[in-house]
Amino acid sequence: MNTAHLTLRGAALATVIVLGATACGSGDSSSTSNPKVTVILGTASDSFYNTLGCGAKAEGKKLGATVDVQGATTFDPATQTPILTSTVAKKPNAIVIAPTDSKALGTPLKQANEAGIKIVTADTGLDDTSFISSAVSSNNVEGGAEAARTLAKLVGEKGKVVIIGGTPGVTTADQRIKGFEDEIKKYPNISFVGVQPSTPSGGVVEAARLTAASLSKDPDLAGIFSISTPASDGANNAIKDAGKVGKVKVVGFDAGPAQVEQLKKGTVQALIAQKAEEIGAQAVQQAVNAIQGKKVTKSIGTSFVSITAANLGDANVSKYVYRSTC
């Protein structure tokens, strides 16, 4: 998330983390037979991250690892950092984390790694990847491109389209925007009117406000790419309030229970779903490999599934719908 909203500066965070990390080590013999992995979600209030956590727990059980899943209520480095601090103090063998800022979390995570804790990022990433064991995420550039192709088809390859949501400094958002922008240029009769970025704590309310502002600015708006779950929820609310259900086509990113209901009701026409469980499972697998001195893969990219009302009944598609509990 945007570092302007970070209440503690990086240097102070590093100091706090290192105090808890100095006594940390993962060299005891039990670390290989019963690895301890803590998963720190981007937020515990999001169905994508909860599904990722379910995948992590299932993989941990299969591998004989103890997996503890943590997460703040908001996607914000100011709320994620205290969780990281307390996690380091508990001395796990590895941390799997979805960093809420690609820069702000880098220093404290590097400090944790220097104290002997293996670091794996899941979903979002870091600018500095030199010290991490592995980074597991969706190919978000391709996800943005798929959203552009889907939206172009829905609007008949003409008219104005906008992106709602996405906070600068969050790798997944930056990559989705890039993929969308590059792909939408291939449609000469589509006018891309820009990105309406969100703040770390803006959530659904802010996304609704941004959507309403876009509808007011461009009454002839043809389509919206909602870049995240809150953005999709907010766009859904604003379109209903404006009486433009079905008139403005919406492609949402992620497929939580609320988004699927929006799809069924026709407020949202398509969802780009990530393979959340697979991301969680792969991240724990790489963390355990790193703990046990086995081969790790530095970067792993997972694919997407495009969900529409027409294919939602297909078991091979519906299995990728996110859930709130395991």
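These figures come from a predicted structure and were not determined experimentally.

J.: Explain the packing of helix H8 (residues 203–217) against helix H9 (residues 229–241) here, please?
T.: Helix packing geometry: the angle between the two helix axes and the distance between the axes. Running from N to C, H8 and H9 point in directions that differ by 50°, and their axes come no closer than 7 Å. Between H8 and H9, the crossing angle belongs to the class labelled oblique. Crossing geometry of H8 relative to H9 is assigned as right-handed. Counted together, Gly203, Val204, Ala207, Ala208, Thr211, Ala212 and Leu215 of H8 and Pro230, Ala231, Asp233, Gly234, Ala235, Asn237, Ala238 and Ile239 of H9 form the full contact between these two elements. Looking at side-chain class alone, the contact of H8 with H9 contains ten nonpolar, four polar and one charged residues.

J.: Please clarify how the confidence of the model for the protein chain should be interpreted in this entry.
T.: Interpretation of the predicted coordinates at a detailed level should be avoided for regions scoring low in pLDDT. Model confidence for the protein chain is summarised by a mean pLDDT of 88, while 90% of its residues fall at 70 or above. The low-confidence segment residues 1–29 (pLDDT under 50) makes 55 contacts with residues lying over four places distant or belonging to another chain.

J.: Looking at this structure, I do not really get the layout of surface pockets. What am I missing?
T.: To find leftover empty space, one rolls a probe the size of a water molecule over the atoms. By volume, the second largest pocket amounts to about 250 Å³. Along the wall of the second largest pocket there are 18 residues; nearest its centre are Thr121, Gly125, Ala135, Ser137 and Ser299. Put simply, the parts of the chain that give the lining of the second largest pocket at least two residues each are strand E5 (134–138), helix H7 (171–184) and strand E11 (299–302). Top element by residues in the lining of the second largest pocket is E5. It accounts for four residues. Of the residues contributing to the lining of the second largest pocket, the split by class is five nonpolar, eleven polar and two charged.

J.: Sorry, what's going on with the sheet that holds strand E10 (residues 270–274) here?
T.: Adjacent strands of a sheet form backbone hydrogen bonds with each other and so pair up, either parallel or antiparallel. Pairing is mixed in the open sheet, where six strands are placed in the order E7-E6-E8-E9-E10-E12. Lying at the two open borders of the sheet, with one neighbouring strand each, are strand E7 (190–196) and strand E12 (304–307). When the angles between neighbouring strand axes are averaged without regard to direction, this sheet yields 15°. The sheet contact formed by E10 and E12 spans four bridges and is antiparallel.

J.: I'm lost on the pairing of E7 in this one. Help?
T.: The two faces of the sheet receive side chains in turn, since in a regular strand these alternate between them. Alignment of strand E6 (residues 159–164) against E7, held across five bridges, turns out to be parallel. Directly across from Lys160, in E7, lies its bridge partner Ser191. Running through H7, the crossover from E6 to the neighbouring parallel element E7 is right-handed.

J.: How should the packing of helix H3 (residues 47–63) against helix H11 (residues 276–291) be read in this particular structure?
T.: The geometry of H3 relative to H11 is characterised by a closest axis approach of 7 Å and an angle of 45° between their N-to-C directions. Classified by the angle their axes make, H3 and H11 are oblique. You can see that H3 and H11 cross each other, and the crossing is right-handed. Contacts between H3 and H11 involve Phe48, Thr51, Leu52, Gly55, Ala56, Glu59, Gly60 and Leu63 from the former and Ala276, Glu277, Ile279, Gly280, Ala281, Val284, Gln285 and Val288 from the latter. Residues belonging to the contact of H3 with H11 are distributed by class as follows: nine nonpolar, five polar and two charged.

J.: I'm lost on the pattern of salt bridges in this one. Help?
T.: Side chains that carry opposite charge are capable of pairing whenever their charged atoms lie near each other. With the rule as written, the count across this model stands at 13 salt bridges. In this structure, Lys160 engages Asp220 in a salt bridge whose closest nitrogen and oxygen atoms are separated by 3.4 Å. Linking Lys160 in strand E6 with Asp220 in the loop between H8 and strand E8 (221–226), this pair joins segments that are 60 residues apart in sequence. The class of Lys160 is partly exposed, set by a relative accessible area of 25%. Measuring nitrogen to oxygen at the nearest pair gives 3.6 Å for the salt bridge that ties Glu261 to Lys264. Placement of the pair is Glu261 and Lys264 together in helix H10 (residues 257–265), with a separation of three residues, close to one helical turn. Where salt bridges share partners, they join Glu142, Glu146, Arg149, Glu183 and Lys186 into one cluster.

The rules we used
- Residues numbered from 1 in each chain as written.
- Predicted model: local features only at pLDDT ≥ 70, side-chain atom pairs only at ≥ 80, totals over all residues.
- Heavy atoms only, no water.
- Axes fitted to C-alpha atoms, helices over the stretch in contact; angles between N-to-C directions.
- Helix = DSSP H or I, 4+ residues; strand = E, 2+ residues; numbered from the N terminus.
- Parallel < 35°, antiparallel > 145°, perpendicular 65-115°, else oblique.
- Left-handed = near helix turned anticlockwise from the far one by under 90°.
- Contact = heavy atoms within 4.5 Å.
- Nonpolar A, V, L, I, M, F, W, Y, C, P; charged D, E, K, R; others polar.
- pLDDT = per-residue confidence, 0-100.
- 1 Å grid on protein atoms, 1.4 Å probe; cavity = no way out; pocket = protein on both sides within 12 Å on 5 of 7 lines; lining within 4 Å.
- Points joined across faces, edges and corners; volume = space filled by probe spheres on them.
- Pairing = 2+ DSSP bridges.
- Right-handed = clockwise from strand over helix to strand, strands pointing away.
- Salt bridge = Lys/Arg side-chain N within 4 Å of Asp/Glu carboxyl O.
- Buried < 20%, exposed > 50% of the residue type's maximum accessible area, 1.4 Å probe, protein only.

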